[in-house]
Structure formats: structure tokens, C-alpha cells
Amino acid sequence: MNNIQKNRWKDQAFKYWGIFCTIIGLVLLAVFIGDILIDGILRIDWAFITDLPSRKAENSGIYTALMGSIWILLLTTIIAFPIGVAAGIYLEEYAKNNKLAGLLEINISNLAGVPSIIYGLLGLEVFVRIMNLGASVLAGSLTLSLLILPIVIVATREAIKAVPKSIKDASFALGASKWQTIWHQILPASSGGILTGVILALSRAVGETAPLIVVGALAYVPFAPSNPMDEFSVMPIQIFNWISRPQSGFIENAAAAIIILLGITFIMNGIAVYFRNKWQKKWK
């Protein structure tokens, strides 16, 4: 057997190994989702979504946790989106190619892999204690903004890099300034990639639990937040609270809440895939 045949055999072996691993992952995912659907799909109704938490499983709902998650998601978007996109534009278009820029790029990439609990400890010290925001929605949103900022910055830079250089050159040739070129040409051309990165980052944030527990999110809140300084709970914490109780009714509630949370995550990822495909088709 010569080297060419060996390489072909290795390619085929790796191909089938990859198919096997993919099938295993899909089967496990199907079993997990199927088990959750069996346990919780019948529990989902309008009352479950609009009722407050209760000591009785049959009367307990996810309204406060759902509204807390929505508040957290909206404020995190408002905080992280403009800062992350602006930082990505600066690093890609304005920062000089020197040691400092290289150091910043390495650190931003590394921060994307830092465990979320570290951001929770940072948020506890800076936002809860030093800034005296307490266990509020705003403190939780600022903490999650730190968590997803590296992802948004990296996504913004990659989307800008993918814009053809000819578009920039044509804009400069027509007399546009650098900022005019960025605002009117580069950002519209890269908007699909930027939005994809932002939505995927928010999909990660909506399922985070550890940072919010550290900054003071509660397992039981008898009211929905009405302003950024209110105390709050979120769906992952509510699910953990229910799943830790021995009564079977709370297990069904947890399964139903997981289905709703999975639905939110799948919708957000579907929107991200739509923007990505639309953006890719546009440039093809």
C-alpha cells in the first residue's frame, strides 16, 4: 500500500468516524429533548406562562422568571451591542498595527473563553459592591454584557474583514472620508455578520446561571421587575429551583420551563442563521 492509498484510507476512516460521532450526538440530543417533551409539554398553557411562582406545583408559573429574563436580555443588548460594535470598528479600522494592538487582540480572544463564574465574581465586586447597584436587573445585565462583549467584538471584526476591499477603495475614490466609508459602506455590508454574532452571543447569555447567582439573582421573586433597579429571577435559576424539589409536579414545571427556554434559544439561533445565509448570498 503506497502513501496515496494510505492517505485515502485515512480520509475515509475519518469521514465515517465523523459521521458516527455526529449520529451519536444527534441521538443523545433527540433522547434528551424527547424526554423533556414527554415530561413537560402538557404542562405548558397560558396560565403557566402568566402565573406567579407558588409553593403548590399546579399553581406555579414562570411569569416573574420570564420577565426577568426578558429584562436581562434587553438591557444586555442595549449595553453590549453599541460598545462591542464600536470596539470592533476601532480595533479593525483605526488601531495601529503595533504591539499594543496585538496584545489587545490576544486578550479579547482569550476573554471569550474565560469561565462565566469569573465574570460573576467581577460583577459582584464592581457593580454590586463598588457601584452599589445591589442585586438588581442592571447589575445582572452589566455582568452579562462583560461576558458577551469579547464575542461581539470578535464577530464585528470578522464581519468587517469579510467586506471586499474594492468597496472601501471605491468609496475613498469618490471622495468619502474614512468615517463616511465606515458608516455608509462597511457597516451596511457587514451588518449580517455582526447581527449573527450578536444574536449568538445573546443566546449564550440567556441561558447563563452562574454569573447571575453570584451577583444576587433570587430563586424566588414574588413580582416581575418594573425598572432596572428591581430584584429579579431568570428562567435557568427558576428551573434549577424546581428541579431540586422532590415533588413530581415541580419536575413537570421544570421540564415545561426548559421547553420554553429551548424554544427561545432555537428561535434566536434560527434568526442568526437566517441573517448569516442572507449575508452570504448577498456577497456571492
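That block above? That's the structure.
Report on the accompanying structure. What you are looking at is a predicted structure, and each value in this text was computed from that prediction instead of being measured.

1. Comments concerning the overall build of the protein chain
Stage number 1. On a plain count of helices and strands, the protein chain comes out with 11 helices and zero strands.
Stage number 2. Secondary structure elements of the protein chain occur, N-terminal to C-terminal, as α-α-α-α-α-α-α-α-α-α-α.
Stage number 3. Across its three principal axes, the protein chain shows a C-alpha extent of roughly 70 × 65 × 35 Å.
Stage number 4. Within the protein chain, the proportion of its 284 residues that are buried is 38%.
Stage number 5. Accessible surface, the protein chain as shown: approximately 16100 Å² in total, 68% of it carbon and sulfur.
Stage number 6. Taken together, the 22 basic and 16 acidic charged side chains of the protein chain have centroids lying 13 Å from each other.

2. Observations concerning the nonpolar core
Stage number 1. I148, L212 and F232 are the most contacted members of the largest nonpolar core, which has 40 residues in total.
Stage number 2. Of all the secondary structure elements, the ones that give two or more residues to this core are α3 (63-94), α5 (116-130), α6 (137-161), α8 (178-206), α9 (210-215) and α11 (248-283).
Stage number 3. In this structure L212 touches G140, L144, A217, F232, V234 and I237, once residues within four positions along its chain are discounted.
Stage number 4. F48, M235, A254 and L261 belong to the second largest nonpolar core, which has 19 residues in total.

3. Quick word on α3
Stage number 1. In this model α3 runs 45 Å from its N-terminal to its C-terminal C-alpha over 32 residues, within 8% of the 46 Å that 1.5 Å per residue would give.
Stage number 2. Along α3, the helix axis deviates most sharply at A80, where the bend reaches about 25 degrees; the proline P82 sits within four residues downstream.

4. With respect to the packing of helix α7 (residues 165-173) against α8
Stage number 1. For the pair α7 and α8, the least separation of the axes is 10 Å and the interaxial angle reads 130 degrees. With respect to α8, the element α7 is oriented oblique. As α7 runs across α8, the sense of the crossing is right-handed. From α7, I167, K168, S171 and F172 reach across to α8, where they touch K178, T181, Q185 and I186.

5. As for a nonpolar patch on the surface
Stage number 1. A grouping of F14, W17, F20, I24 and L28 is seen on the molecular surface, where their side chains present a nonpolar patch of about 600 Å² in accessible area.
Stage number 2. In this structure, F20 sits in helix α1 (residues 3-40).
Stage number 3. Here F20 falls in the partly exposed class, since its relative accessible area comes to 46%.

6. Here's the deal with the packing of aromatic side chains
Stage number 1. Under the criterion given, the structure shown has three aromatic pairs.
Stage number 2. Seen from the ring of Y16, K15 lies directly overhead, with NZ or CZ sitting 5.7 Å from the centre.
Stage number 3. Positioned over the ring face of F250 is R245, at 4.5 Å from the centre of the ring.

7. A look at the side chain of E93
Stage number 1. With respect to the element layout, E93 can be found in helix α3.
Stage number 2. Judged by its relative accessible area of 12%, E93 is buried.
Stage number 3. In terms of polar contacts, E93 uses its side chain to reach the side chain of K168, at 3.3 Å.
Stage number 4. Ignoring sequence-local partners within four residues, the contact set of E93 consists of I160, K168, K178, I182 and I186.

8. Considering the environment of P164
Stage number 1. Assignment of secondary structure puts P164 in the loop between α6 and α7.
Stage number 2. Spatially, the C-alpha atom of P164 lies 9.1 Å from that of A189, the residues being 25 residues apart in sequence.

9. Some thoughts on the pattern of salt bridges
Stage number 1. By the definition in use, this model includes six salt bridges.
Stage number 2. Note that D169 and K165 form a salt bridge whose closest N and O atoms lie 3.3 Å from each other. Highlighted residues: D169 and K165, both in helix α7, separated by four residues, approximately one helical turn.
Stage number 3. Overall, D169 belongs to the partly exposed group, its relative accessible area being 37%.
Stage number 4. Overall, the relative accessible area of 58% leaves K165 in the exposed class.
Stage number 5. In this structure, E208 engages R204 in a salt bridge whose closest nitrogen and oxygen atoms are separated by 3.3 Å.
Stage number 6. Here E208 falls in the buried class, since its relative accessible area comes to 12%.

Criteria and thresholds
- Residues numbered from 1 in each chain as written.
- Predicted model: local features only at pLDDT ≥ 70, side-chain atom pairs only at ≥ 80, totals over all residues.
- Heavy atoms only, no water.
- Helix = DSSP H or I, 4+ residues; strand = E, 2+ residues; numbered from the N terminus.
- Buried < 20%, exposed > 50% of the residue type's maximum accessible area, 1.4 Å probe, protein only.
- Areas by Shrake-Rupley, 256 points an atom, 1.4 Å probe, with all protein chains shown as cover.
- Lys, Arg positive; Asp, Glu negative; His and termini not counted.
- Charge placed at Lys NZ, Arg CZ, Asp CG, Glu CD.
- Core = buried A, V, L, I, M, F, W, Y, C linked by side-chain atoms within 4.5 Å.
- Contact = heavy atoms within 4.5 Å.
- Expected span 1.5 Å × (residues − 1).
- Bend = angle between axes of the 7 residues up to and from the residue.
- Axes fitted to C-alpha atoms, helices over the stretch in contact; angles between N-to-C directions.
- Parallel < 35°, antiparallel > 145°, perpendicular 65-115°, else oblique.
- Left-handed = near helix turned anticlockwise from the far one by under 90°.
- Patch = residues over 30% accessible without salt bridge, like charges linked within 9 Å, V, L, I, M, F, W, Y side chains within 5 Å.
- Salt bridge = Lys/Arg side-chain N within 4 Å of Asp/Glu carboxyl O.
- Phe/Tyr/Trp six-rings, centres within 6.5 Å; stacked < 30°, edge-to-face > 60°.
- Lys NZ or Arg CZ within 6 Å of the ring centre and 35° of its normal.
- Polar contact = N/O pair within 3.5 Å; in protein donor to acceptor, adjacent residues only side chain to side chain.

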